[in-house]
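Residue strings, one per chain:
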Amino acid sequence: MASDTSQATVQVSTSAVAQGDGAHDSHGPTGILRWVVTTNHKEIGSLYLLFSLAMLFVGGSMALVIRTELFQPGLQFIQPEFFNQMTTMHGLIMVFGAIMPAFVGLANWMIPMQIGAPDMALPRLNNFSFWLLPVAFGILLSTLFMEGGGPNFGWTFYAPLSTTYAPPSTSFFIMSIHLAGISSILGAINIIATIFNLRTPGMRLMDMSLFVWTWLITAFLLIAVMPVLAGVVTMMLMDINFGTSFFNAAGGGDPVLFQHLFWFFGHPEVYIMILPAFGIVSLIVPTFARKRLFGYASMVYATAAIALLSFLVWAHHMFTVGIPLVGELFFMYSTMLIAVPTGVKIFNWIATLFRGSISFEVPMLFALGFIVMFTIGGLSGVMLAIVPADFQYHDTYFVVAHFHYVLVPGALFAIMAAAYYWMPKWTGYYASETLGKWHFWLSVIGVNLTFFPMHFSGLAGMPRRIPDYALQFADFNMLSSIGGFLFGFSQLIFVWVLIKAIRGSGEKAHAHAWEGADGLEWTVPSPAPLHTFDTPPPFDPLTESPSRH
Amino acid sequence: MTSQYYVPPTSKWPIIAVVVTGSTAIGAGSLMSYGTGLPFLVVGLVGVALVMAGWFRDVVNESMGGLYDSQMDRSFRQGMAWFIFSEVMFFAAFFGALFYVRVFAVPWLDGEGAKGVTALLWPEFTASWPLMDTPDPSVGGPWEVVNPWKLPLINTLILVTSSVTLTIAHHALKADDRPKLRQWLIVTLLLGLVFLVVQGVEYVEAWNHLGLTLQAGIYGSTFFMLTGFHGLHVTIGAIVLAVLLVRVLKGHFSADNHFAFEAGAWYWHFVDVVWIGLFLFVYVF
Ligand SMILES: [Cu+2]
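Residues numbered from 1 in each chain as written. Chains lettered and ligands numbered in written order. Predicted model: local features only at pLDDT ≥ 70, side-chain atom pairs only at ≥ 80, totals over all residues. Heavy atoms only, no water.

Draft legend 1. View of the overall build of chain B. Scanning chain B for helices and strands turns up seven helices and zero strands. Looking at chain B as a whole, 51% of its 285 residues are labelled buried. Long-range pairs, those at least 24 residues apart, make up 69% of the contacts in chain B with a sequence separation of at least 6. For chain B, the computed accessible surface area is about 12,600 Å², with 71% contributed by carbon and sulfur atoms. The averaged location of the 18 negative side-chain charges in chain B is 13 Å from the averaged location of its 13 positive side-chain charges. (Helix = DSSP H or I, 4+ residues; strand = E, 2+ residues; numbered from the N terminus. Buried < 20%, exposed > 50% of the residue type's maximum accessible area, 1.4 Å probe, protein only. Contact = heavy atoms within 4.5 Å. Areas by Shrake-Rupley, 256 points an atom, 1.4 Å probe, with all protein chains shown as cover. Lys, Arg positive; Asp, Glu negative; His and termini not counted. Charge placed at Lys NZ, Arg CZ, Asp CG, Glu CD.)

Written out as structure tokens, the structure is:
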């Protein structure tokens, strides 16, 4: 068959084809240029992961600037204007630059290997999707140095703060959102096409790993809501530059329209950042409990249910804006309904652990930490869903505590769990257990010290997004700041772990790196060769499907 | 099926596409924010056109060279289908905005419903749709709105007809009737161009004689955003049809292998469906 391909190559003499025949081991450019033009899913996956790690530290440094200023009441280090830019940029960078690209990187690396595909369905589009991101975030970060400063209106950029009262750099900010959005949409299209089209023969949808399933549904959410974000920032752009009245009541528009459109994107966005995490935990827990996942089918249905409900709950972010009572009730109940499929998932993970032969390697520690602390964030979410209670909690540090619990010990811990879980497959070496355990425990202490006190300061009435606060919040804030620095600096341990594994110091990994692990990715050598499946690998649902009985 | 997988080789086009897209974004951003950066925008836009030409040419050559298998073909199809879905959602945002202001925001400004308190802002304001008198008179609404039963109706007929003619061309392609394919594709392209000209005439009319501008309150905003983005998509669709025509004239496509033609047709039908929504909810009702 290989000769067929090369014959066909000869017939066509385009420059692109001349660079190598792709399916095998010849590669055109070398050095840095190789990374720039690569269409290999593993190389692009690594680029995504390294980019998101860099963004984690950029956004994290901004969080530490915020925590430094909030260490004590009063203004000591930075001006309120700069403080606002820091909270805004921290949010934008962590959401769009750190968490989302990390999951896309994991998808790039693992989905083709888990479904027996040779690469992503549209490899060149994949290269385009990735390289748009550094450009988008370059533009975003450059606004900090522009006249009038960077975005200062919060990561949700509500109009009219982001239109009438916005700094001049806002059009730049909108451009960066557009680029990141194009990147996400094209990336998601690629993932869906890969999953639907490149599964090895014999692998039915209900034989796919839950990581693939959750990403399939996540990709659908991305394609459905990123264009809405593009639409809303375009309306902003028009209001700012061309005199339209979308968010201007004087012309018959409505600033609240901005919030509806933003949160129609924003709530599914929350699940975009957590569904792949569910998938990761659903792989790691069975591996280290040495049992098959409890309730595979119900996990799939619960994920789909969460995704569908996510389109019907957006106004729970807007209870205090003054929506009609019917609306408040509808969005309260629909939001609380999401606790049901989420509860199914948590039940299934615990049922998987039940009577398992559990061992506590680092990926498992992060996964268990996820289950416990994500649930804390989920429960405070149910509290926030209750309309009368939300009138008290709205825009306080209670909200900050809630979403940081689902995003840091939630999404980020799952990403870390995935990194420790698959590092042997990526590098050929296990991550250091000792350093990993230090990383985990310091992170657990740091994250809880940072965010748990915020529940209390929030309930006591401390508003979010302010550089100064009343004296009674001083102790809670000091604790949060100490925790923040502890958490931030303990992430450097992860960098150390990663460098060690890449350099090949530590224990060498087998193909089947974890004895309890299931899935096609463990049938290829560790480290995985650049091209894994040249032909569709055999797959027997009766013995290999995660849904088998 | 245990045959070898096909994976397309690397290409320099994606990274060049990133550079020109980035240049467009930087140019547009700095032009709007600070009034400079036109060269970046021009270089970017010209670059985008060139890159698309080059990238697609390579893909066409690979396809004609018989490199692609049926799996690659399915990947392209699914990619295009989901891309159109993303476009649907982009328009959904603007339609959502239109419905929201019509059903909620404007009546509330007149004191209706639970949020009637907003009527205190401009007590003189009376709600209506199309919104001719804006809450704050300093914004200023249009004097008149476009009559749906003149140019917009003509355009509706043109676009619906063009969908039919494109389908005839498609059937001709499947029946390997090349002359018929050519004729009907040309007719489709011409109809698309006539639509754009009529739309242009309507815009000039609206802007100069009806006071209907982007600045004319929320009616002008929704009118121009919806019809404008639709017009942009018709333009893109017409360029796609033109490229398809050139390829047909060169003898590309066969009765059973013509993904690019189908993708272009899907896109054209999508643009047509969006127009029907526009005609109903922007012009008529
Ligand atoms: Cu929400």
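Draft legend 2. Looking closely at the overall build of chain A. Each helix and strand in chain A was counted, giving 19 helices and zero strands. Overall, chain A is about 70 × 60 × 45 Å in size when its C-alpha atoms are taken along their principal axes. Burial statistics for chain A: of 549 residues in total, 64% are counted as buried. Here chain A displays about 18,800 Å² of accessible surface, and carbon together with sulfur accounts for 70% of that area. Of note, chain A has its 19 positive side-chain charges centred 10 Å away from the centre of its 26 negative side-chain charges.

Draft legend 3. Representation of the coordination of the copper ion. All names here are of chain A. Within the first shell, the copper ion binds the protein through His 267 (ND1), His 316 (NE2) and His 317 (NE2), at distances of 1.7 to 2.0 Å. Read in sequence order, the donor residues for the copper ion give the motif H-x48-H-H. Of this pair, His 267 sits in helix 9 (residues 255–272) while His 316 sits in the loop between helix 11 (296–309) and helix 12 (325–337), and the two are 49 residues apart along the sequence. A single burial state applies to His 267 and to His 316, both of which are buried. (Donors = N, O, S within 2.8 Å, 3.2 Å for Na, K, Ca; no water.)

Draft legend 4. A look at unusual backbone geometry. With an omega dihedral of -5 degrees, the bond running from A:Ser526 to A:Pro527 counts as a cis peptide bond. A cis amide bond, omega 0 degrees, links B:Trp129 with the succeeding residue B:Pro130. Mapping B:Pro130 onto the fold places it in the loop between helix 3 (70–109) and helix 4 (151–174). With phi around 60 degrees, A:Arg465 is a residue other than glycine that occupies positive phi space. On the secondary structure map, A:Arg465 appears in the loop between helix 17 (433–459) and helix 18 (474–503). Even without being a glycine, B:Asp176 presents a positive backbone phi close to 60 degrees. Along the chain, B:Asp176 falls in the loop between helix 4 and helix 5 (178–209).

Draft legend 5. Structural context of the interface of chain A and chain B. The partner chain B presents 71 residues to the 87 residues of chain A that form the contact. Summing both sides of the interface, chain A and chain B together bury roughly 6,700 Å²; the carbon and sulfur share of this comes to 71%. Linking chain A to chain B there are one salt bridge. Counting across the chain A and chain B interface gives 14 residue pairs in polar contact (both at pLDDT 80 or more). Elements with a minimum of two residues in the side of chain A that touches chain B: helix 1 (2–11), helix 2 (15–18), helix 3 (32–37), helix 6 (123–142), helix 7 (170–197), helix 8 (210–242) and helix 9 of chain A. The element best represented in the side of chain A that touches chain B is helix 8 of chain A, accounting for 13 residues. By residue class, the composition of the side of chain A that touches chain B is 52 nonpolar, 30 polar and five charged. (Buried area = accessible area lost by both parts, 1.4 Å probe. Salt bridge = Lys/Arg side-chain N within 4 Å of Asp/Glu carboxyl O. Polar contact = N/O pair within 3.5 Å; in protein donor to acceptor, adjacent residues only side chain to side chain. Nonpolar A, V, L, I, M, F, W, Y, C, P; charged D, E, K, R; others polar.)

Draft legend 6. Geometry of helix 7 (residues 259–284) of chain B. Taking 1.5 Å per residue as the helical rise, helix 7 of chain B with its 26 residues ought to reach 38 Å, and the 36 Å between its terminal C-alpha atoms agrees with that figure. Taking the largest bend as the criterion, helix 7 of chain B deviates by roughly 30 degrees, centred on B:Leu278. (Expected span 1.5 Å × (residues − 1). Bend = angle between axes of the 7 residues up to and from the residue.)

Draft legend 7. Region of interest: the environment of B:Gly217. Residue position: B:Gly217 is located in helix 6 (residues 217–249). Considering only alpha carbons, one finds B:Gly217 and B:Ala17, 200 residues apart in sequence, at a separation of 37 Å. Residues contacting B:Gly217, with those up to four places away along its chain left out, are A:Ser245, A:Gly251, B:Thr134, B:Val139 and B:Gly140.

Draft legend 8. Focus on the packing of helix 4 (residues 41–70) of chain A against helix 18 of chain A. All names here are of chain A. Interaxial distance between helix 4 and helix 18 falls to 9 Å at its minimum, and their mutual angle equals 160 degrees. With respect to helix 18, the element helix 4 is oriented roughly antiparallel. Our pair here, helix 4 against helix 18, has a crossing hand that is left-handed. When helix 4 is examined against helix 18, the residues Leu 50, Leu 53, Phe 57, Leu 64, Arg 67, Thr 68 and Leu 70 are found in contact with a partner set consisting of Asn 477, Ser 480, Ser 481, Gly 484, Phe 485, Gly 488, Phe 489, Gln 491, Leu 492, Phe 494, Val 495 and Leu 498. Split by residue class, the contact of helix 4 with helix 18 holds eleven nonpolar, seven polar and one charged. (Axes fitted to C-alpha atoms, helices over the stretch in contact; angles between N-to-C directions. Parallel < 35°, antiparallel > 145°, perpendicular 65-115°, else oblique. Left-handed = near helix turned anticlockwise from the far one by under 90°.)

Draft legend 9. Local environment of a nonpolar patch on the surface. Residues and elements named next belong to chain B. On the surface, a cluster of nonpolar side chains totalling about 750 Å² of accessible area is made up of Phe 99, Val 103, Phe 104, Val 160, Val 164, Ile 276, Leu 280, Phe 281 and Phe 285. Those elements giving two or more residues to the nonpolar patch turn out to be helix 3, helix 4 and helix 7. Residue placement: Val 103 occurs in helix 3. (Patch = residues over 30% accessible without salt bridge, like charges linked within 9 Å, V, L, I, M, F, W, Y side chains within 5 Å.)

Draft legend 10. Fine view of the side chain of A:Ser176. Mapped onto the elements of the fold, A:Ser176 is located in helix 7. In this view, A:Ser176 contacts A:Ala136, A:Ile139 and A:Leu140; residues no more than four positions away in its chain are not counted.

Draft legend 11. Expanded view of the packing of helix 8 of chain A against helix 10 (residues 275–289) of chain A. All names here are of chain A. Packing of helix 8 against helix 10 brings their axes to within 8 Å, and their N-to-C directions diverge by 175 degrees. Regarding the angle of helix 8 to helix 10, the classification is roughly antiparallel. Along the contact surface, helix 8 presents Leu 210, Phe 211, Thr 214, Trp 215, Ile 217, Thr 218 and Leu 221, while helix 10 presents Leu 275, Pro 276, Phe 278, Gly 279, Ile 280, Ser 282 and Leu 283. Residue classes in the contact of helix 8 with helix 10 are distributed as ten nonpolar, four polar and no charged.

Draft legend 12. Representation of the nonpolar core in the model. All names here are of chain A. Counting residues in hydrophobic clusters, the biggest one holds 277 residues, and the most contacted among them are Phe 96, Phe 157, Trp 215, Leu 229, Phe 370 and Trp 422. Counting residues per element, this core draws most heavily on helix 8, which supplies 23 residues. In terms of nonpolar packing, the next biggest core, distinct from the first, is built from five residues, Leu 384, Ala 389, Tyr 393 and Val 399 among them. (Core = buried A, V, L, I, M, F, W, Y, C linked by side-chain atoms within 4.5 Å.)

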